[in-house]
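Geometric and topological summary
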Amino acid sequence: MAIRNSLNGQFLRRSSFAGARFMSSSWFRSIEPAPKDPILGVTEAFLADQSPNKVNVGVGAYRDDNGKPVVLECVREAERRIAGGQFMEYLPIGGSIKMVEESLKLAYGDNSEFIKDKRIAAVQALSGTGACRLFAAFQQRFHPNSQIYIPVPTWANHHNIWRDAGVPMKTFRYYHPESKGLDFAGLMDDMKNAPDGSFFLLHACAHNPTGVDPSEEQWREISFQIKAKGHFPFFDMAYQGFASGDPERDAKAIRIFLEDGHLIGLAQSYAKNMGLYGQRVGCLSVLCEDEKQAVAVKSQLQLIARPMYSNPPLHGALIVSTVLGDPELKKLWLNEVKVMADRIIGMRNSLRENLEKRNSPLTWHHITDQIGMFCYSGLTPEQVDRMTNEFHIYMTRNGRISMAGINTGNVGYVADAIHEVTRSGYVADDMDQVTKSY
């Protein structure tokens, strides 16, 4: 009897071990490789190319006129000051209080009544992506039956963010392929026809990927329509200061909505305008009805953040709070961000001039009509493929050009390539070309 029990026990243990081995080796077998990120994949291909003429206009990171990354002098000075202290402790879940305070002043205004009245719930976030993701989770938790309307096109990661948060998505018209400008009539019509109380994702400035922004008057009409329908506007502001060179001008859409009495959500990032790409520093804020509501909302944002990443990183927050909190460093930053913006604007002018000199059969005014880091060129996926295969110029297949990758040394070469692939006189002019990359 004892022998039989012992044998049974050994059999069960062997069966359990075999089952454990089976489970540990088999449940991964059904997992397929994820598709490559369309933007990061461009960089990988560029790096593998051995051509001396290769140009990368795919990734949205600033480069100087020599094609080199830039560390702003205000950031270098902030780091020199930070290096003298001992800053290794955890931040609170909501992040650096000083960084958040400076971020709110930058977005809402130095003398904002909403800041004074403590009506804004705000936390440090993992750059703009993290701010959007945190808000999407907040929306899903406290407004689970809501949906968000996203512009066509938009930054591809917006779709991933709200999808992974479990928020249903719909789209609204934004880009007009034929004019390569804003489809204002379509936009307004979609906002009017959306169910009352819908959420709308808006790019505060320098729309990514199109570079097409509403005019001030159009923003006022958008604000009116959103308020009339009881919609909730959520702004993604990744380029404040970087678009026009003036942070106040780039915050105009936010200020219009505040003047009109909206409650808003806002994601801010310091990747582009301070060059802190790898530091992942940003801010999420939600304007509430009163201080009591703001306290409650902030506590819930922190509750969501806790199991996501516990607390945000310290170093980038120290840089931002040091730069924005010191009058001299902030003045230096304002000068430097204008230099970056002006170089981008200058390259837009130069690319357009170079194309027009080549007697292109097409019009290229949209290059200078658009604003910010990206130009929505209108090139078709097939033309983009030719740009890459024949000229070693790398970009995303929706025709988006990062103007930061263009400089005085390569603008003529890029113009030659664009002219060559568009000599037939055709660029994308239907919505399928706009949406197929998303």
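Treat the numbers as computed from the prediction; the structure is a model and nothing was measured. (Residues numbered from 1 in each chain as written. Predicted model: local features only at pLDDT ≥ 70, side-chain atom pairs only at ≥ 80, totals over all residues. Heavy atoms only, no water.)

1. Things to note about the overall build of the chain
Convention followed: Only DSSP runs of H or I with at least four residues qualify as helices, and only runs of E with at least two residues qualify as strands; both kinds are numbered from the N terminus onward. Throughout this description, buried means an accessible area under 20% of the type-specific maximum (1.4 Å probe, protein chains only), exposed means over 50%, and partly exposed covers the range between. Should any heavy atoms of two residues lie within 4.5 Å, those residues are counted as being in contact. In short, Shrake-Rupley with a 1.4 Å probe defines the accessible areas, and a residue's cover is counted only from the protein chains shown. For the purpose of charge, His is not counted, nor are the chain termini; Lys and Arg are scored as positive and Asp and Glu as negative. Every charge is mapped to an atom, namely NZ of Lys, CZ of Arg, CG of Asp or CD of Glu.
For the chain, the helix and strand inventory stands at 18 helices and 13 strands. By its C-alpha atoms, the chain is 100 × 55 × 55 Å across when sized along the principal axes. Looking at the chain residue by residue over its 438 residues, the buried ones come to 52%. Considering only residue pairs separated by 6 or more positions, the chain has 77% of its internal contacts joining residues 24 or more positions apart. Of the accessible surface of the chain, which amounts to about 20,500 Å², a share of 53% is contributed by carbon and sulfur atoms. Mean positive and mean negative side-chain charge positions of the chain (48 and 49 charges, respectively) differ by 8 Å.

2. What to know about the sheet that holds strand β8 (residues 232-237)
What counts here: By definition, two strands form a pair when at least two bridges between them are found by DSSP. Here, axes are lines fitted to C-alpha atoms. For helices the fit covers the stretch in contact, and angles between N-to-C directions go from 0 to 180 degrees.
Ordered in space as β2-β10-β9-β8-β7-β3-β4, the 7 strands form an open sheet in which the pairing is mixed. Strands with a single pairing partner mark the edges of an open sheet, and in this sheet they are β2 (120-125) and β4 (169-173). Adjacent strand axes in the sheet meet at a mean angle of 25 degrees when their direction is disregarded. Of the strands in this sheet, β2, β3 (148-152), β7 (199-203), β8, β9 (265-269) and β10 (282-287) are in contact with helix α6 (residues 127-142), which crosses β9 at around 160 degrees.

3. With respect to the pairing of β2
Most of β2 sits inside the fold, with 6 of its 6 residues counted as buried. Across 6 bridges, β2 lies against β10 in antiparallel orientation. Residue pairing in the sheet places Ala125 in a bridge with Gly282 of β10.

4. Details of the nonpolar core
Quick reminder of the rule: To form a nonpolar core, buried Ala, Val, Leu, Ile, Met, Phe, Trp, Tyr and Cys residues must be joined to one another through side-chain atoms within 4.5 Å.
Residues Phe235 and Leu351 are the most contacted members of the largest nonpolar core, which totals 94 residues. Per element, the largest residue contribution to this core is 7 residues, and it comes from helix α14 (residues 327-357). Those residues in contact with Leu351 that sit more than four places away from it in its chain are Ile367, Met403, Ile406, Val411, Val414, Ala415 and Ile418. Counting residues in hydrophobic clusters, the runner-up holds 29 residues, among them Cys132, Leu134, Phe199 and Leu284.

5. Remarks on the packing of helix α4 (residues 97-108) against helix α11 (residues 252-259)
The test is simple: Oblique is the label for any angle not covered by the other classes, which are roughly parallel (under 35 degrees), roughly antiparallel (over 145) and roughly perpendicular (65 to 115). Residues were grouped as follows: Ala, Val, Leu, Ile, Met, Phe, Trp, Tyr, Cys and Pro as nonpolar; Asp, Glu, Lys and Arg as charged; and all remaining residues, including Gly, as polar.
Contact geometry of α4 with α11 gives a least axis separation of 8 Å together with a crossing angle of 80 degrees. One way to sum up the angle between α4 and α11 is to call them roughly perpendicular. Note on element contacts: α11 touches α4 through Ile254, Arg255 and Leu258, opposite Lys105, Leu106, Ala107 and Tyr108. Tallied by class, residues from the contact of α4 with α11 come to 5 nonpolar, no polar and 2 charged.

6. Observations concerning the state of the cysteines
Rules: In this description, a disulfide is simply a cysteine sulfur pair whose atoms lie within 2.5 Å.
For the coordinates displayed, the defined rule picks out 0 disulfides. With no disulfide of its own, Cys74 has Cys205 as its nearest cysteine by sulfur position, at a separation of 18 Å. The thiol sulfur of Cys283 is not disulfide-bonded, and the nearest other cysteine sulfur, from Cys132, lies at 12 Å.

7. Overview of a negative patch on the surface
To keep it simple, the criterion reads: Residues forming no salt bridge and having over 30% relative accessible area are the ones grouped into patches, like charges within 9 Å of each other and nonpolar side chains (Val, Leu, Ile, Met, Phe, Trp, Tyr) within 5 Å. Salt bridges are defined by distance alone: a side-chain nitrogen of Lys or Arg within 4 Å of a carboxyl oxygen of Asp or Glu.
Judged by side-chain charge, Glu113, Asp117, Glu289, Asp290 and Glu291 come together as a negatively charged surface patch. We classify Asp290 as partly exposed; its relative accessible area is 37%.

8. Looking at the pairing of β4
Counted only if it meets this: The crossover handedness rule: strands pointing away from the viewer, path from first strand over the helix to second strand clockwise, crossover right-handed.
Of the pairings in the sheet, the one linking β3 to β4 comprises 5 bridges and is parallel in character. Bridge pairing links Val152 to Arg173 in β4. Crossover β3 to β4 through helix α7 (residues 156-164) is right-handed.

9. Remarks on the pattern of salt bridges
One pass over the full model with this rule turns up 20 salt bridges. We note a salt bridge from Asp416 to Arg358, for which the minimum N-O separation is 2.4 Å. Of the two residues, Asp416 sits in helix α17 (residues 411-421) while Arg358 sits in the loop between α14 and α15 (365-369), which places them 58 residues apart along the sequence. What makes Asp416 partly exposed here is its relative accessible area of 39%. Among the ionic contacts, a cluster of salt bridges with common partners joins Glu73, Glu77, Arg80, Arg81 and Asp326.

10. A word on a nonpolar patch on the surface
On the surface, Trp27, Phe28 and Ile31 cluster together into a nonpolar patch covering about 360 Å² of accessible area. By the secondary structure assignment, Phe28 is in the loop between α1 (2-26) and α2 (38-48).

11. Things to note about the packing of aromatic side chains
Selection rule: A pair of aromatic rings is counted whenever rings of Phe, Tyr or Trp (Trp by its six-membered ring) have centres within 6.5 Å, and the orientation is called stacked for planes under 30 degrees apart, edge-to-face for over 60 and tilted otherwise. Two thresholds decide whether a charge sits over a ring: the Lys NZ or Arg CZ must be within 6 Å of the ring centre and within 35 degrees of the ring normal.
Overall, the coordinates contain 19 aromatic pairs when judged by the stated rule. Measuring from centroid to centroid gives 6.4 Å for Tyr239 and Phe374, while their planes differ by 90 degrees, and the two rings are edge-to-face. Taken as a pair, Tyr239 in the loop between β8 and α10 (247-250) and Phe374 in strand β11 (residues 374-376) lie far apart in primary sequence, 135 residues in all. A single burial state applies to Tyr239 and to Phe374, both of which are buried. Ring plane angle 70 degrees and centroid distance 6.5 Å describe the contact between Phe391 and Tyr413, whose orientation is recorded as edge-to-face. You can see Phe391 sitting in helix α16 (residues 381-391) and its partner Tyr413 sitting in helix α17, a full 22 residues away along the chain. Overall, Tyr413 belongs to the partly exposed group, its relative accessible area being 25%. Above the face of the Phe46 ring, Lys54 is positioned so that its terminal group lies 4.5 Å from the ring centre.

12. Let's talk about α16
Taken together, the buried positions of α16 are occupied by Pro381, Gln383, Val384, Met387, Thr388 and Phe391. In the stretch just after α16, His392 is the one whose phi turns positive, near 60 degrees.

13. So, the environment of Lys292
Relative to the helices and strands, Lys292 resides in helix α12 (residues 291-309). By relative accessible area, Lys292 is classed as exposed at 72%.

Worth remembering: the numbers are spatial, not functional.
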